[in-house]
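What follows is each chain in one-letter form.
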Amino acid sequence: MREIWRRLVNWRQAHGLWALAIVAAMSLLAAGAEFVILVQRESQLVDRFSDSTWWMAAQFRSEIQQLHISLASYDGSEGGLDDIHQHYEILGSRIQLMDESRLDPRPDEVLGNSIAEVRHGAEQLAQQIETIKIGGGVPRHLLDEDIRALERAAGRMTSLGAQSDATHREAVRSAIRRANVAFGVALAMLIGSLLLSLRAVDRQAATLDAARRRSEALGQELTVALAQAQAGSRAKNVFLATMSHEIRTPMNGVLGATSLLAHTQLNDQQRRWVAIIKACGEALLSQLDDVLDFSALEAASVRLERELFDIRTLAEDAGRVVESAAGANGLDLVVVIDHDVPAQVLTDRRRLGQILLNLLTNAVKFTASGGVSLRVSMRRRHGKAWLRAAVVDSGPGIPRADRRRIFQEFTRLERPSERTVRGTGLGLAISQRIAQALGGRIRVAAARGGGSVFWVSIPVEMPQHERGVALAHLAGRVAVVGGTPGIRAAVELLVRAAGYEAGTAGDGGSVDLLLLHRSADAPPGLRAARQLPFGPGTGLDAPITAERLQAALAGGARPSRASVPLAQAGRSLRLLVADDDAINREIAASLLRHLGHDVEIVSDGREALAAVRLETFDAVLLDLYMPGMDGIDLAKAIRALPGEVAAMRLIAVTADADANVGASVLAAGIDSVLIKPVTLERLAEVLLPLTGTAKPAAASAAPPSPGLVVDRKVRDMLITRLPAGRLPALVRTFWDGVQRVLDVPGGLSGEGLERWLHTISGSAGSLGYAAATTAAKLAREAVDQGVGDAPTLSALYTSLAAAVRADEALLPPPFVAMLTVRLTEAAHAMAQMQAAHRQGEPMDGRS
Amino acid sequence: MLHRRTLLGFCTVLFAARSVRAASLAAPAGKVLLTVRGKIANTNADGSARFDLAMLDALPQGRFEGETPWTKGKTVFTGPLGSAILDAVGASGTTMRVAALNDYSADVPVSDFRKHAVILATRHDGALMPVREQGPLWVIYPMDKEPDLRIESTYTRSVWQVTAIDITG
């Protein structure tokens, strides 16, 4: 039943087309029929060639009468005979024409008999005519009987001919009538067909119109649905971000408490459990970070930075971050930067670093043996410079079918052998979104010799003069043996970049140096002047960078990471450092002393003014924000002093990089501004006009990395520049200061809070606590602008908690645990305060 | 004046030409087959031009080869061109009454003879035609070369047993 109904519906749907087809066929038929009818009618008329039967008969009869008359009037003369003869001949010609086959219509039997009778009669006459010719006169009976009989027969034939013609005409007329009827029917069909097709077309048009209206309505519904879906997606992102943020705070508490627990009396079993809690907690925190980051990217609320930075350092640093993980897996790790990659490029440094780190972390995580290499190169395409970073691993590879899927959020490929690998599956999705936000893209392919290659390509700008590093001259032949093909290729690139000729082991002969992977044996036919092992656990291990390789090739030991000889030559200066924060003071002083200068330190503006009254310094480094007399006032006071003291070089040190500060600073007569965190390079640079020392080659100091818990660059510098043992002490001082703030009953507020935020933004930056510095600046802005500071303070406490945990090694463990818990509590309290505030004032735009 | 003199000269020449032609139309030696009367310039009897077979044969000839409604199968007719006869008699009318032995006659426009290669057939399939076979003369339109002539008016004008042509109008 249903089947029949379905068919019926189908038929009805197809019905319009069928109708059109039928109508078209009908029109065709009708037109064809009309053509046939017209042709038939014409041929009917054309066929009427011959004279009518009646006309033939009448003519014949007339000739007989003519002959009769000439016979009757025959007087025996020659002329009379000729006349008779001629009429007889004419009669004969008529008989010839009366051939039945040529008559139209063909005579019926009666007429045929009549014609035959006439013909016979006429032939009978011939003899009589001949008799007359001979001179026998006109026989009487000829006149009376024969010719009269012939006349009668001809008369009968004429009547029959007339009847025959009449019948024929009727037949023709009825044929024409039939043809006309047929023509009329065909015409009606044609007109009907036209009307039907018009109707069908009209119907189709109506159907189309209805369909268009339906699709328009559907389109509107879809638009609405899309808007709803997008709103839903946004709501989801906001929810995720909020949730993640809210979870971070208690999670810090959990981790802090776990640390405290770990330092109590525990048996082995309990210690293992605590370790598990800690590991899981930390994994959860990093996943939350991913979720937050992804939500921000999804909501397109990420502001991309553009800064000029050293791409080589960024890539090598990314390599160093995964160094320990690679080492733990026994993997080779090589970082290659092509010689045409400029020293500095312009794009979002932090985001690019995030992608590189993500790709490297993934590669190391999923590679059980072999190695991972990162190669950075430049391409020019569509008139743009594209920075391209390829991460090659020797892992299990990614099936072609999954290559697109892995960039979707929360995607993790099921690999039975690697159940232990943890993660949200957001890393690649985040990387892809970042790459897209930067105008680039990220792809994955199969690597030669197994494994995968992920590459990211991002358009970058670079200073006009950047040309990359020229290749050095050939310094000898180096063969690389062992390791995975990817690693070998990467190392060979480094060898070439170092100015050596990279040969393969297969070509025999001798080389100047054989780089032999620790897992491989030296090829038998190869003679090497020198042999150097590489790979995990050797002198040349993860990450193998150009710098390390060059050092190894040069025969030297692993180069010290910051061996820039800054303090050489130049004039030694007498300097005054004015800063209210002890840590900042000490770090600045230590660095300046390291640069070979003589430093005096004071803790506020008044002391500084007193000091400059007593002694003329080469320069004063003054903190802009100090209690009592701040940097601006101090500068104005110094410039107001009599004598040459007023002309002293004044260098403002500040954590604020904004333009307002610049304007007020210049108005106060300050010569230059040093943005925190204070680094050796920056100090050297800002003192350059006084020392006259050439700018050190490596002085292009990297700006701080706002997202890092601990900026390793800053920390490395402190480790190498500060007197031994000073760093832990300074770190302890910092955290003691934090603890004191936490001890204030009811928490800091008002000016006290403002001052602390200022201090902490300076000293945290000096110690490399980049994230905490950023959080402190945000909190300060919030306090300055008088808007709700609870959320920013909550964030500050959270990042401080992360920072103190990161420096676990430098501090007594119970102290770290205690601070973590207290900071977490403080963050939590602030978050609750914020929540309460939000409930009271739902329109708080800053949350 | 000049015009009048020129016109006069032209007429003189024309008249002279006619006179020459009139003189050239000889009298028939044999049996007269065709007599042309009416508006004609050249005559060889009182007011008419008479032709015997020899005279007709001496005129430019035409040929018909095909079917007619009155004969069986493909036939050939030959005879002098109608236009040649008109030229020979110096005809100036527009209509001809073509008459037959039995007093049948048909009105034929002179233009028919001028436009179409109409012949007055003297021979049918090479033989002279007796009266019994529609002779001695038969007006045959060139229906073989011009199929459009196969129409009733042509058939009516295809007079047989022709004896005389009277040019009028």
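Because the structure is predicted, anything quoted here is derived from the model rather than measured.

On to the overall build of chain B. In terms of helices and strands, chain B carries 5 helices and 11 strands. A fraction of 57% describes how many contacts in chain B between residues 6 or more apart in sequence connect residues 24 or more apart.

What follows concerns the overall build of chain A. A count of helices and strands for chain A gives 24 helices and 16 strands. Relative to its 847 residues, chain A shows a buried fraction of 44%. For chain A, restricting intrachain contacts to residue pairs at least 6 apart in sequence, the fraction spanning at least 24 positions comes to 70%. For chain A, the computed accessible surface area is about 42,600 Å², with 56% contributed by carbon and sulfur atoms.

Bringing the pattern of salt bridges into the picture now. Under the counting rule described, the total for this entry stands at 19 salt bridges over all chains. A salt bridge links Arg375(A) to Asp338(A), with the nearest nitrogen and oxygen atoms 2.8 Å apart. Note that Arg375(A) is positioned in strand β4 (residues 371-381) and Asp338(A) in the loop between β2 (332-337) and β3 (344-347), a separation of 37 residues in sequence. On the basis of relative accessible area, Arg375(A) is assigned to the partly exposed category, the value being 34%. The class for Asp338(A) is buried, based on a relative accessible area of 13%. The partner of Arg97(B) in a salt bridge is Asp107(B), with the nearest N and O atoms 3.0 Å apart. With Arg97(B) in strand β5 (residues 95-100) and Asp107(B) in strand β6 (residues 105-109), this pair connects stretches of sequence that are 10 residues apart. Salt bridges sharing partners connect three or more residues here, namely Asp209(A), Arg212(A), Arg213(A) and Glu216(A).

All names here are of chain A. Here we have 5 strands laid out as an open sheet, ordered β13-β12-β14-β15-β16, and parallel in their pairing. If you trace the sheet from one side to the other, it starts and ends with β13 (598-602) and β16 (672-675), each paired once. For this sheet, the mean angle separating the axes of adjacent strands, direction not counted, is 20°. Relative to β13, strand β12 (residues 574-578) runs parallel, the two being bridged by 5 bridges. Residue pairing for β13: leucine 576 is matched across the bridge by glutamate 600. On the sheet, helix α13 (residues 582-594) packs against β12, β13 and β14 (619-623) and is oriented at approximately 170° with respect to β13. Helix α14 (residues 605-614) contacts β12, β13 and β14 of the sheet and is inclined by roughly 160° relative to β12.

Looking now at a nonpolar patch on the surface. All names here are of chain A. Residues Leu187, Ile191, Leu195 and Leu198 make up a contiguous nonpolar surface patch of roughly 380 Å² in combined accessible area. By secondary structure assignment, the location of leucine 187 is in helix α5 (residues 140-262). Residue leucine 187 is classed as partly exposed on the basis of its relative accessible area of 35%.

Moving on: the nonpolar core. Phe60(A), Leu34(B), Val36(B), Phe51(B), Met96(B), Leu120(B) and Ile167(B) are the most contacted members of the largest nonpolar core, which totals 73 residues. For this core, the leading source of residues is helix α4 (residues 109-136) of chain A, giving 7 residues. Apart from the residues lying within four places of it in its own chain, the contact partners of Val36(B) are Gly47(B), Ser48(B), Ala49(B), Phe51(B), Ile85(B), Val89(B), Ile165(B) and Ile167(B). The next biggest cluster of nonpolar side chains, apart from the first, holds 63 residues, and it includes Leu683(A), Leu727(A), Trp756(A) and Ala790(A).

With 15 residues of chain B in contact, the opposing surface of chain A contributes 19 residues. Between chain B and chain A the total buried area reaches about 1,600 Å² when both faces are included, carbon and sulfur atoms providing 50% of it. Its largest share of buried area at the contact with chain A, chain B owes to Asn102(B), Arg132(B) and Trp160(B), together 34% of the area lost on that side. Applying the counting rule to chain B against chain A returns 1 salt bridge. Between the two partners, chain B and chain A, sit 4 residue pairs in polar contact (both at pLDDT 80 or more).

Further remarks concern the pairing of strand β4 (residues 75-80) of chain B. All names here are of chain B. Counting buried positions over the 6 residues of β4 gives 5, a clear majority of the element. Pairing geometry for strand β3 (residues 61-66) and β4, over 6 bridges, is antiparallel. Pairing of glycine 62 across the sheet is with glycine 79, part of β4. One ladder, built from 2 bridges, connects β4 with strand β8 (residues 123-124); its direction is antiparallel. Each residue of the ladder has a partner; that of phenylalanine 77, found in β8, is histidine 124.

What follows is about the environment of Val453(A). Residue and element names in this part refer to chain A. Looking at the secondary structure, you find valine 453 in strand β7 (residues 452-460). Valine 453 sits 58 residues away from glycine 395 along the chain, and the two C-alpha atoms are 9.8 Å apart. If near-sequence neighbours (up to four positions away) are discounted, valine 453 is found in contact with Ala390, Val391, Val392, Arg443, Val444, Ala445, Ala446 and Ala447.

What follows concerns the packing of helix α20 (residues 726-743) of chain A against helix α21 (residues 750-766) of chain A. Residues and elements named next belong to chain A. Relative to each other, α20 and α21 sit at 160°, their axes nearing to 11 Å. Compared by their axis directions, α20 and α21 come out roughly antiparallel. In this structure, α20 meets α21 at a crossing whose hand is left-handed. Across the interface between the two elements, Phe734, Gly737, Val738 and Val741 from α20 touch Trp756, Ile760, Ser763 and Ala764 from α21. Grouping the constituent residues of the contact of α20 with α21 by class yields 6 nonpolar, 2 polar and no charged.

Before going further, it helps to examine the pairing of β5(B). All names here are of chain B. Strand direction decides the pairing type here: β5 and β6, joined by 5 bridges, are antiparallel. By the bridge assignment for β6, arginine 97 is matched with aspartate 107. Relative to strand β11 (residues 162-168), β5 is paired through 6 bridges, and the arrangement is antiparallel. Looking at the pairing, methionine 96 lines up with isoleucine 167 of β11.

For the rest of this paragraph, the subject is the confidence of the model for chain A. For residues with low pLDDT, the predicted coordinates do not support detailed interpretation. All names here are of chain A. Per-chain confidence: chain A averages 77 in pLDDT, with 84% of residues scoring 70 or above. Throughout residues 556-569 the model reports pLDDT below 50, and contacts reaching past four residues in sequence, or to other chains, amount to 24 contacts. Ignoring residues within four places in sequence, the model shows residues 841-847, a span with pLDDT below 50, making 8 contacts including any to other chains.

How each quantity is defined
Residues numbered from 1 in each chain as written. Chains lettered and ligands numbered in written order. Predicted model: local features only at pLDDT ≥ 70, side-chain atom pairs only at ≥ 80, totals over all residues. Heavy atoms only, no water. Helix = DSSP H or I, 4+ residues; strand = E, 2+ residues; numbered from the N terminus. Contact = heavy atoms within 4.5 Å. Buried < 20%, exposed > 50% of the residue type's maximum accessible area, 1.4 Å probe, protein only. Areas by Shrake-Rupley, 256 points an atom, 1.4 Å probe, with all protein chains shown as cover. Salt bridge = Lys/Arg side-chain N within 4 Å of Asp/Glu carboxyl O. Pairing = 2+ DSSP bridges. Axes fitted to C-alpha atoms, helices over the stretch in contact; angles between N-to-C directions. Patch = residues over 30% accessible without salt bridge, like charges linked within 9 Å, V, L, I, M, F, W, Y side chains within 5 Å. Core = buried A, V, L, I, M, F, W, Y, C linked by side-chain atoms within 4.5 Å. Buried area = accessible area lost by both parts, 1.4 Å probe. Polar contact = N/O pair within 3.5 Å; in protein donor to acceptor, adjacent residues only side chain to side chain. Parallel < 35°, antiparallel > 145°, perpendicular 65-115°, else oblique. Left-handed = near helix turned anticlockwise from the far one by under 90°. Nonpolar A, V, L, I, M, F, W, Y, C, P; charged D, E, K, R; others polar. pLDDT = per-residue confidence, 0-100.

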